[in-house]
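Listed here are the chains, written in short residue letters.
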Amino acid sequence: MKYTVITGASSGIGYETALAFASKGKNLILTARREEKLKKLKEEIHKINDEVNVEIHLADLSINHEVYDLYESLKEYSIETWINNAGFGNFDSVGDQNLKKIESMLRLNNEALTILSTLYVRDYSDVEGAQLINVSSGGGYTVVADAVTYCATKFFVSAFTEGLAQELQSKGAQLKAKVLAPAATETEFAERSLDVESFSYNESVPQYHTAKEMADFMMDLYDSDQVVGIVDGQSYEFNLRRPIYPYADRSRNSDS
Ligand SMILES: NC(=O)c1ccc[n+]([C@@H]2O[C@H](COP(=O)([O-])OP(=O)(O)OC[C@H]3O[C@@H](n4cnc5c(N)ncnc54)[C@H](OP(=O)(O)O)[C@@H]3O)[C@@H](O)[C@H]2O)c1
């Protein structure tokens, strides 16, 4: 039996992505810190499709050993898709940013994502149909004022995942690596990033997608042969693209 792992499944894009994969009949392993939200999601999934297996694994991915423990706890499963979606942002000038929050953001957005991607690549490179999808941001391609550090974490996610996609392709691996880059999406992201109790996208953001729309884009990326699925920050259209960052393949250069 094959499974799809989704980190950060307790709200927002991860939650809706879980529903979208469930409606395709995919068995799911859902992870986040809030058990109640994941249990509610599991109930909702079973209303759509009670044939689907849903496993809940709690982990705080800003804690290094919990990242390794999560991966180890999933060794018995056959994982056809791994989605590193958990992440959060911060809006502050660099000099004003809260370093405790920033340390946790770097560990979650970059360290956990790199560890989980690496372990998945080690085990699944040669498995036909395997996919690794890492969630970046439009801020992974354009630096946004007052979100410099958050954008830098997402530049890392985009560069790492695009580079990995090219590396896997040049080795003839079966595993595909892909990047989803949402623009503003109505989720708990703004509340967490701005440290506010509530936030109205309707009143404060001129243009945004719903989490369900982003999950539909995630499925378009999953079904495509392209590496990057990115929302255009001006038109808000979703585009599937080849890798965007320049890539120097040293082995190809030395051959020519
Ligand atoms: N919304 C946007 O405008 C937007 C735009 C571009 C990119 N993104 C990216 O999209 C991804 C999903 O975010 P979202 O918008 O859906 O926001 P969200 O509703 O806040 O969801 C974030 C998810 O990450 C989990 N998470 C946070 N800290 C965690 C930790 N320490 N350990 C494990 N899980 C943790 C949360 O679960 P728990 O709190 O239960 O642990 C939650 O399920 C993020 O990578 C974000 O950077 C969002």
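Let us look at the structure shown here. Values in this document were obtained by computation on a predicted structure and should not be read as measured data.

### Some thoughts on the overall build of the protein
Inference 1: The helix and strand tally for the protein stands at 9 helices and 10 strands.
Inference 2: Whereas a compact globule of 256 residues would reach a radius of gyration of roughly 18 Å, the protein reaches 18 Å, a difference of no more than 12%.
Inference 3: When the 256 residues of the protein are sorted by exposure, 50% land in the buried category.
Inference 4: The long-range share in the protein, meaning contacts at least 24 apart out of those at least 6 apart in sequence, stands at 67%.
Inference 5: Accessible surface, the protein: about 12,700 Å² in total, of which carbon and sulfur atoms supply 46%.
Inference 6: Both charge centroids of the protein, one from 25 positive and one from 39 negative side chains, sit 3 Å from each other.

### Let's talk about the site of the ligand
Inference 1: Around the ligand there are 30 residues in total, and Ser-10, Arg-33, Arg-34, Tyr-150 and Thr-187 lie nearest to it.
Inference 2: One of the side-chain N or O atoms of Ser-11 is found 2.8 Å from an oxygen atom in the ligand.
Inference 3: Measuring from a nitrogen atom of the ligand, one finds a side-chain N or O atom of Asp-60 at 2.9 Å.
Inference 4: With the chains in place, 98% of the 890 Å² that the ligand exposes on its own is no longer accessible.

### Description of helix α1 (residues 12-23)
Inference 1: Taking 1.5 Å per residue, 12 residues should reach 16 Å; α1 reaches 17 Å between its end C-alpha atoms and fits that length.
Inference 2: Of all 12 residues in α1, 10 are buried, a share of seventy percent or more.
Inference 3: For α1, the complete set of buried residues consists of Gly-12, Ile-13, Gly-14, Tyr-15, Thr-17, Ala-18, Leu-19, Ala-20, Phe-21 and Ala-22.
Inference 4: Against the buried residues of α1 lie β1 (2-7), β2 (27-32), α2 (35-48), β4 (78-84), β7 (185-186) and α8 (211-223).

### What to know about unusual backbone geometry
What you tend to see is this: most non-glycine residues have negative phi, and most peptide bonds are trans.
Inference 1: For Asp-146, which is not a glycine, the phi torsion comes out positive at approximately 65 degrees.
Inference 2: Summarising the element assignment, Asp-146 is placed in the loop between β5 (131-135) and α5 (148-170).
Inference 3: Judged by its relative accessible area of 45%, Asp-146 falls in the partly exposed class.
Inference 4: Although it is not a glycine, Tyr-236 adopts a positive phi angle of roughly 65 degrees.
Inference 5: Tracing the backbone through its elements, the reader meets Tyr-236 in the loop between β9 (228-231) and β10 (238-241).

### Points about the pattern of salt bridges
Inference 1: As enumerated under the stated definition, the model contains 10 salt bridges in all.
Inference 2: Of the charged contacts in the structure, one is a salt bridge between Lys-26 and Glu-80, with a shortest N-O distance of 3.1 Å. Taken as a pair, Lys-26 in the loop between α1 and β2 and Glu-80 in strand β4 lie far apart in primary sequence, 54 residues in all.
Inference 3: With relative accessibility at 17%, the residue Lys-26 sits in the buried group.

Conventions we followed
- Residue positions are given per chain, counted from 1 along the sequence in the order it is written.
- Selection of residues for local features in this predicted model requires a pLDDT of at least 70, selection of side-chain atom pairs for listing and counting requires 80 or more, and totals for whole chains, interfaces and linings are taken over all residues.
- As a rule here, side-chain values cover all heavy atoms of the structure and leave hydrogens and water aside.
- Under the DSSP-based scheme used, a helix requires at least four consecutive residues in state H or I and a strand at least two consecutive residues in state E, with every element numbered from the N terminus.
- Atoms counted for the radius of gyration: C-alpha only. Globule rule: 2.2 Å times residue count to the power 0.38.
- Only protein chains enter the accessibility calculation, which uses a 1.4 Å probe; a residue whose area is less than 20% of its type maximum is buried, one above 50% is exposed, and one in between is partly exposed.
- Should any heavy atoms of two residues lie within 4.5 Å, those residues are considered in contact.
- Here, Shrake-Rupley sampling with a 1.4 Å probe gives the accessible areas, and only protein chains in the shown set may cover a residue.
- When charges are tallied, Lys and Arg are placed among the positive residues and Asp and Glu among the negative ones, while His and the ends of the chain are skipped.
- Working definition for charges: the position is that of NZ of Lys, CZ of Arg, CG of Asp or CD of Glu.
- The near set for a molecule or strand comprises every residue that places at least one heavy atom within 4 Å of it.
- Contacts described as polar in this section are N or O atom pairs within 3.5 Å, which, within protein, must combine one atom able to donate a hydrogen with one able to accept it, while residues neighboring in sequence count only if both atoms come from side chains.
- In this scheme, a helix's expected span is set at 1.5 Å multiplied by one less than its residue total.
- By definition here, a salt bridge exists when the distance from a side-chain nitrogen of Lys or Arg to a carboxyl oxygen of Asp or Glu is within 4 Å.

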